[in-house]
Amino acid sequence: MAFGCVITKRPSLPATAYDVVTGIRQVSRLMSQRRIDIVHARSHIPATIALRIKRKFGVKMIFDVRGLMADEYVDAGHWQKDSLAYRITKRAERQALRSADGIVTLTERIWPTIKVWIG
């Protein structure tokens, strides 16, 4: 079963926090209604939701990493490396990678970075 949520846009950081809290609530409701053993997160915000669900319900989590989002935003000129959004995203990214029971990537180029973070 796939789950999607409405993504809000502005202001960016509070809107994202709202999306995460809303996602956790909605997925928690689904978890209590159905027998779900594994959650799959394709990208960082869904991974933040999936990580909370993993901890709350003891399910397995797959993190489908399409790229390192915080670094992509810096490269595109949207964020500065010392910004709050960058630091929060990097921390969430590391936690998701360390906690994932499985990691999917598009290419092997990202694996040296992932291996450093997951030990």
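In what follows, the accompanying structure is described. Since this is a predicted model, take the numbers as computed values, not measurements.

Right, let's talk about the pairing of strand S1 (residues 38–42) for a bit. Burial of S1 is one-sided: the residues Val39 and Ala41 facing one way are buried, the residues Ile38, His40 and Arg42 facing the other way are not. Crossover S1 to strand S2 (residues 60–65) through helix H2 (residues 44–57) is right-handed.

Turning to the packing of helix H1 (residues 12–33) against H2, a few remarks are in order. The interhelical angle for the contact between H1 and H2, taken along N-to-C directions, is 40°, at an axis separation of 9 Å. The angle between H1 and H2 places the two elements in the oblique class. Considering how the two elements wind past one another, H1 and H2 form a crossing that is right-handed. Residue-level inspection shows Thr16, Asp19, Val20, Gly23, Ile24, Val27, Ser28 and Met31 of H1 in contact with H2, the latter providing Ile45, Thr48, Ile49, Arg52, Ile53, Lys56 and Phe57.

Judged by nonpolar contacts, the single largest core of 22 residues is most densely connected at Val39, Ala47, Ile49, Ile53, Met61, Phe63 and Leu97. Among the elements of the structure, H1, S1, H2, S2, helix H4 (84–99) and helix H5 (111–118) are those that each provide at least two residues to this core. Top contributing element to this core by residue count: H2, with five residues. Beyond its immediate stretch of four places on either side in the chain, Phe63 contacts Ala41, Ser43, His44, Ala47, Glu93, Ala96, Leu97, Ala100, Gly102, Ile103 and Val104.

Quick look at the environment of His78 now. Within the secondary structure, His78 is located in the loop between helix H3 (69–75) and H4. C-alpha of His78 to C-alpha of Gln33: the two residues are 45 residues apart in sequence and 40 Å apart in space.

This part is about the packing of aromatic side chains. This structure, assessed with the given rule, holds one aromatic pair. Ring geometry for Tyr73 and Trp79: centres 4.5 Å apart, planes at 45°, overall tilted. Residue Tyr73 is classed as partly exposed on the basis of its relative accessible area of 33%.

With that out of the way, let us pick up the pattern of salt bridges. A complete count under the given rule lists five salt bridges for this structure. Residue Arg35 pairs with Asp37 through a salt bridge whose shortest N-O separation is 2.9 Å. One salt bridge in this structure joins Lys90 and Glu93, with 2.8 Å as the shortest N-O distance. Of this pair, Lys90 and Glu93 both sit in helix H4, three residues apart, which is roughly one turn of that helix. Each member of the pair Lys90 and Glu93 is classed as buried. Residues joined by salt bridges that share partners form a network here, namely Asp71, Lys90 and Glu93.

Definitions and cut-offs
- Residues numbered from 1 in each chain as written.
- Predicted model: local features only at pLDDT ≥ 70, side-chain atom pairs only at ≥ 80, totals over all residues.
- Heavy atoms only, no water.
- Buried < 20%, exposed > 50% of the residue type's maximum accessible area, 1.4 Å probe, protein only.
- Helix = DSSP H or I, 4+ residues; strand = E, 2+ residues; numbered from the N terminus.
- Right-handed = clockwise from strand over helix to strand, strands pointing away.
- Axes fitted to C-alpha atoms, helices over the stretch in contact; angles between N-to-C directions.
- Parallel < 35°, antiparallel > 145°, perpendicular 65-115°, else oblique.
- Left-handed = near helix turned anticlockwise from the far one by under 90°.
- Contact = heavy atoms within 4.5 Å.
- Core = buried A, V, L, I, M, F, W, Y, C linked by side-chain atoms within 4.5 Å.
- Phe/Tyr/Trp six-rings, centres within 6.5 Å; stacked < 30°, edge-to-face > 60°.
- Salt bridge = Lys/Arg side-chain N within 4 Å of Asp/Glu carboxyl O.

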